[in-house]
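Observations on chain architecture
Single-letter residue listing:
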Amino acid sequence: MKKAGKIMGRILIGLLIVVLIAASGGLFYFKSYLPNTVAPKSFPQTDGELQVGGLDGQVDVYRDGMGIPHIYASTTHDLFFAQGYVHAQERFWQMDFWRHTGSGRLSEMFGAGQLDTDIFLRTLGWRQTAEAEWEGLNPDTKAMLQAYTDGVNAYLKDHHDTALSLEYAVLGLLSPNYEIEPWTPIHSLTWGKAMAWDLRGNLSEDIERAVLLKTFTPEQVAQVFPAYPEDHPVIVNKIGDGPLVVPAYENETPAFDYASLPLDNVTNNFNLVDGVLGEWSDGIGSNSWAVSGRLTDTGMPLLANDPHLGIQMPSIWFQIGLHCVEKTDACPFEVAGFSFAGVPGVVIGHNDRIAWGFTNTGPDVMDLFIERVNPDNPNQYEVNGEWVDFETREESILTSKGDTVTITVKSTRHGPVISDVYGPLKNEGDPKDEKFVPFKDRSGVEFPDQYVLALAWTALTPSTPFEAIWGFDAAQNWDEFRAAARNFHVPAQNLLYADVDGNIGYQMPGDVPIRAKGNGTLPVPGWNDEYAWTGYIPFDELPYTFNPAEGYIATANNQVPPRDYPHLITFDWDSGFRANRIVNMIESAPGAIDISYIQKMQGDMYDQNAETFVPLLLDLNTASDLQPALDTLKNWDYQATADSTPAAIFNAFWKHLNSNTFNDDMPEERYYPSGGSRWSEVFRNLVKNPNDPFWDDKTTTDITETMNDILTKSFADAVSELQKDYGKDMSKWKWGDMHAATFENQTLGQSGVFLIEDLFNRGPFPTGGGKIMVDATGWSTLDGYETNWLPSMRMIVDLGNLDNSITVHTTGESGHAYHPHYSDMSELWASIQYYPMWWNQDSVIADAEGHLILKP
């Protein structure tokens, strides 16, 4: 959103100046009138009775002390109708923004500055895919989506503009002609495409490898893209059920014919969709683990989950309870947990029999195919020795001023042509300029003279993950859960399971391509079938386990299958530091594991980078003025808590270590190390060779640096930075202040106009943790220390007593600025505290702060 924010900011600054000059009360407008008079207009009614057309019968909506709605209805139709109504009550601005993103229509809301983003989104064709998905859904699923849609529109019928959300008051300055349109089922389905993009995997790594091959040897590329560590755990040691078996790991990369791999144009432009949904970051992921009753204090399983996503306001999650008053075959839902505003059902949570959690698998489901273009006819490309026509369609994009821009989208048999619209796949500069650099001249592989690059991606084949999720909501046992998982095609997730009968399980679902040749790590020729996708790994051959012998299952985006698994899922797993720590904590638990110990695990901030480097730092001969800072590391427990001075010093050192070691080697700034999980493993390997050429600083021509030289310089740079920014009093150097979390509205909260940002943003909140810690709060060594992704919620489900489950998410249940539940969870989240995840109706009613009755 940074790019979008800057563009919107330039527009809004001009508008703001006009407002302030034209009206002497301009400051009053933003500081008093909007918060105190306009904002409350959007606060939803949560008590009393409302007559709502479209319902079959009465629906009761209890909101507990945290503002969480618990819906009780007599029919499936009314249950999801009411969910749509409540989502619109609390989060419609978020829903409106998301649907415009999914359909490539951001320019309608925010102006022509979003055209490039819309063009790329239209090229991907998310809406077309969603429309095809709608046509393929069964009648029951269509009815569920339509009921939800009718509930959203029932609320929109009586609420408009600022009665829906405060953001519309500001949007009126930017796009005065914007009109809110009715909700449709397609809007819900497009969000599945957006999430698939957000969790897409290794497309950027494919491009980076190609660029680095121009500068690095294949062996050096392998150094900066290391194999999954042999000493870190995999999720499934043995597929199915049985004793623990750990086969030998074959640290081998399949042979790759680099000379036969032409590539396309790449530039330094930023990824457009990442600018809206949040930039993909090395190391971003999630944690989940299930512990069987054999290891717990109650004799029943505990299931924990904390999905890691980009920081935003409001939370990406909307917590909810959905209860059929009488559970029957016609109304089978009794479920609570976390939903997406804009989509019916519960994505992560539990019902009356089972609980489940998600972490991202990250399979390699995107390939870039280089297509040879006919030099005599640019409308044709080569397929097995013959020229065939590109498929084309026209897209019309409307801007906020009413202008229409028409584009032509081209596709090949592999997918849409993204060469001209996806930032990292464009040429650099103007072809008429002498400084023009086509990507093929910057990459380390050969290209045909005329080419385009097409994207093959499983998410562009019609399928929706929500059909599987609705199956989870109603599943009563492991077999029904696995049956629902068969419909989970993309984005592939690690599905963790536990039930009230004492079972725990894991299933990896998803469409993972089988390739005729190649390993998916570089773009490949598309003009013949040599690298074609020949199918998908059959569901029954995907990794799963049920009641494993070790008594627990832990997932943290680490390698999924056993080390002798015959199929390729990806080479780009998370490096497994979080998984390693989770497994160690489970196996070293001082006694029976209880909820409080799971809380301690979710809040664990142990820094495994420090475990590697602090002993090396303490052995250095450093200048005397650095000794006080070095001394703080001597008795550090490696916990990066918010109040920690050693963590502040070490993370500053880690930032400078990354840049001092690798920036001089990288051909482009975009590939400077960002300090994530991959780079932690790179450095863990690099310290084994203190004279490795990567340690040498190529900008100093008169000396060849070794590891100790770079460690010394990086530590000195870190101390200098901290003294400059925080003063010489080391007691003021606190990691939580450096790494604070500020929750920003995805659109107007990043406008660049402080009066507008102050309306919607909340924070900063001092925050501990870090990228490879269990309490995974991300930051970039390139952009500063501020938290940029985080545990988007934390959930612990007690299968022995569902009413004993606890949770927290990042901001608050409400999407309305200045509402009491807008940011009341943030301090709880930052301090690793929780609130009850009420299940029994008596508990809900006892804690209820509102009871809204919806009547037909």
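Everything below is about the structure printed above this text.
As a starting point, this report considers the structure included with it. (Residues numbered from 1 in each chain as written. Predicted model: local features only at pLDDT ≥ 70, side-chain atom pairs only at ≥ 80, totals over all residues. Heavy atoms only, no water.)

**Quick word on the overall build of the protein chain**
Within the protein chain, the regular secondary structure consists of 26 helices and 30 strands. Classification of the 856 residues of the protein chain by burial places 62% in the buried group. Long-range contacts, defined as pairs at least 24 residues apart, comprise 74% of the intrachain contacts of the protein chain with a sequence gap of at least 6. Accessible area of the protein chain: about 30,500 Å², with a carbon and sulfur share of 48%. (Helix = DSSP H or I, 4+ residues; strand = E, 2+ residues; numbered from the N terminus. Buried < 20%, exposed > 50% of the residue type's maximum accessible area, 1.4 Å probe, protein only. Contact = heavy atoms within 4.5 Å. Areas by Shrake-Rupley, 256 points an atom, 1.4 Å probe, with all protein chains shown as cover.)

**Quick word on helix H22 (residues 707-726)**
Across its 20 residues, H22 extends 28 Å between first and last C-alpha, which sits within 8% of the 28 Å expected from 1.5 Å per residue. When H22 is considered as a whole, its buried residues turn out to be Met 707, Ile 710, Leu 711, Ser 714, Phe 715, Ala 718, Val 719, Glu 721 and Leu 722. Down the axis of H22, the sector holding all buried residues measures 165°, keeping them to one side. Two residues or fewer after H22 comes Gly 727, characterised by a positive phi angle close to 90°. (Expected span 1.5 Å × (residues − 1). Arc of directions from axis to C-beta.)

**What about the nonpolar core?**
Most often, soluble globular proteins keep nonpolar side chains buried together rather than apart. In this structure, Trp 289, Trp 457, Phe 472 and Phe 715 are the most contacted members of the largest nonpolar core, which totals 232 residues. Element by element, the count of residues in this core is highest for helix H3 (residues 76-102), at 12 residues. Residues within four places of Trp 457 in sequence aside, it is in contact with Leu 124, Trp 126, Lys 193, Ala 196, Trp 197, Val 365, Met 366 and Trp 533. In terms of nonpolar packing, the next biggest core, distinct from the first, is built from 6 residues, Val 373, Tyr 381, Val 383 and Val 417 among them. (Core = buried A, V, L, I, M, F, W, Y, C linked by side-chain atoms within 4.5 Å.)

**Here we look at the sheet that holds strand S15 (residues 451-457)**
Taken together, 3 strands build an open sheet; the order of strands is S15-S10-S19 and the sheet is mixed. On the outer flanks of this sheet lie S15 and strand S19 (524-525), each paired with one strand and no other. With 7 bridges joining them, strand S10 (residues 366-372) and S15 adopt antiparallel strand pairing. Note that in S15 the partner of Ile 370 across the bridge is Leu 453. (Pairing = 2+ DSSP bridges.)

**What about the side chain of Thr 787?**
Looking at where Thr 787 falls in the secondary structure, it is placed in strand S26 (residues 784-791). Of the polar contacts made by the side chain of Thr 787, one reaches the backbone oxygen of His 739; its length is 2.7 Å. Ignoring sequence-local partners within four residues, the contact set of Thr 787 consists of Ile 311, His 739, Ala 740, Ala 741, Thr 767, Thr 777 and Gly 778. (Polar contact = N/O pair within 3.5 Å; in protein donor to acceptor, adjacent residues only side chain to side chain.)

**Observations regarding unusual backbone geometry**
Note the cis peptide between Met 313 and Pro 314, where omega equals 0°. Its place among the elements puts Pro 314 in the loop between strand S5 (302-310) and strand S6 (318-324). One non-glycine residue, Asn 384, lies in the positive phi region at around 50°. Here Asn 384 lies in the loop between strand S11 (380-383) and strand S12 (386-389).

**Things to note about the packing of aromatic side chains**
This structure, assessed with the given rule, holds 45 aromatic pairs. Between Phe 613 and Phe 683 the ring centres are 6.2 Å apart and the planes differ by 75°, which places this aromatic pair in the edge-to-face class. Of this pair, Phe 613 sits in helix H18 (residues 608-618) while Phe 683 sits in helix H21 (residues 677-686); the two residues are 70 residues apart in sequence, bridging distant segments of the chain. For Phe 683, a relative accessible area of 0% translates into the label buried. The positively charged end of Lys 142 is found above the aromatic ring belonging to Trp 134, 5.1 Å away from the centroid. Cation over ring: Arg 581 sits above Tyr 606, and NZ or CZ is 4.3 Å from the ring centre. (Phe/Tyr/Trp six-rings, centres within 6.5 Å; stacked < 30°, edge-to-face > 60°. Lys NZ or Arg CZ within 6 Å of the ring centre and 35° of its normal.)

**Comments concerning the pairing of strand S2 (residues 59-63)**
Across the 5 residues that make up S2, a large majority, 5, are buried. Covered by surrounding structure in S2 are Val 59, Val 61 and Arg 63 together with Asp 60 and Tyr 62, the residues of both alternating faces. In this sheet, strand S30 (residues 850-855) lies alongside S2 in antiparallel orientation, the contact comprising 5 bridges. By the bridge assignment for S30, Arg 63 is matched with Gly 850. Note that S2 and strand S3 (residues 69-73) share 4 bridges and pair antiparallel. Across the sheet, Tyr 62 pairs through a bridge with His 70, a residue of S3. Taken together, S2 and the strand that follows it, S3, pair antiparallel across an intervening segment of 5 residues, in which Gly 67 is found at a positive phi of about 85°.

**Some points on the pattern of salt bridges**
One pass over the structure, following the stated rule, counts 31 salt bridges. The partner of Arg 393 in a salt bridge is Glu 395, with the nearest N and O atoms 2.9 Å apart. For Arg 393, a relative accessible area of 26% translates into the label partly exposed. Taking the shortest distance from any N to any O, the salt bridge between Asp 604 and Arg 581 comes out at 2.8 Å. With a gap of 23 residues between them, Asp 604 in the loop between helix H17 (595-602) and H18 and Arg 581 in helix H16 (residues 577-587) connect regions that are remote in the sequence. Each of Arg 105, Glu 108 and Glu 181 takes part in salt bridges that share partners, so that together they form one network. (Salt bridge = Lys/Arg side-chain N within 4 Å of Asp/Glu carboxyl O.)

**Some remarks on the sheet that holds strand S7 (residues 334-339)**
The mixed open sheet is built from 11 strands, whose spatial order is S1-S30-S2-S3-S6-S7-S8-S9-S16-S17-S21. Among the strands making up the open sheet, the edge pair consists of strand S1 (48-51) and strand S21 (544-546). The mean inter-strand angle of the sheet, taken between neighbouring strand axes irrespective of direction, is 15°. Two elements, S6 and S7, share 6 bridges in a ladder whose sense is antiparallel. Bridge pairing in S7 links Leu 322 to Val 335. In the packing of helix H14 (residues 465-474) onto the sheet, the strands contacted are S7, strand S8 (348-351), strand S9 (354-360) and strand S16 (493-499), and the crossing angle to S9 comes to about 150°. (Axes fitted to C-alpha atoms, helices over the stretch in contact; angles between N-to-C directions.)

**Re the environment of Thr 767**
Summarising the element assignment, Thr 767 is placed in the loop between strand S24 (762-765) and strand S25 (778-780). Separated by 63 residues in sequence, Thr 767 and Ala 830 have C-alpha atoms that sit 5.7 Å apart. Side-chain polar atoms of Thr 767 contact the backbone nitrogen of Ala 741, separated by 3.3 Å.

**Structural notes on the packing of helix H7 (residues 139-158) against helix H9 (residues 185-198)**
The N-to-C vectors of H7 and H9 enclose an angle of 110°; their axes lie 8 Å apart at closest approach. When the axis of H7 is compared with that of H9, the two are roughly perpendicular. Along the contact surface, H7 presents Leu 145, Gln 146, Tyr 148 and Thr 149, while H9 presents Pro 185, Ser 188 and Leu 189. Of the residues that constitute the contact of H7 with H9, the class distribution is 4 nonpolar, 3 polar and no charged. (Parallel < 35°, antiparallel > 145°, perpendicular 65-115°, else oblique. Nonpolar A, V, L, I, M, F, W, Y, C, P; charged D, E, K, R; others polar.)

**Points about the packing of helix H6 (residues 126-136) against H9**
Packing of H6 against H9 brings their axes to within 8 Å, and their N-to-C directions diverge by 125°. With respect to each other, H6 and H9 are oriented oblique. You can see that H6 and H9 cross each other, and the crossing is right-handed. Contacts between H6 and H9 pair Trp 126, Arg 127, Thr 129, Ala 130, Glu 131, Glu 133 and Trp 134 from the former with Pro 185, Ile 186, His 187, Leu 189, Thr 190, Lys 193, Ala 194 and Trp 197 from the latter. Of the residues that constitute the contact of H6 with H9, the class distribution is 8 nonpolar, 3 polar and 4 charged. (Left-handed = near helix turned anticlockwise from the far one by under 90°.)

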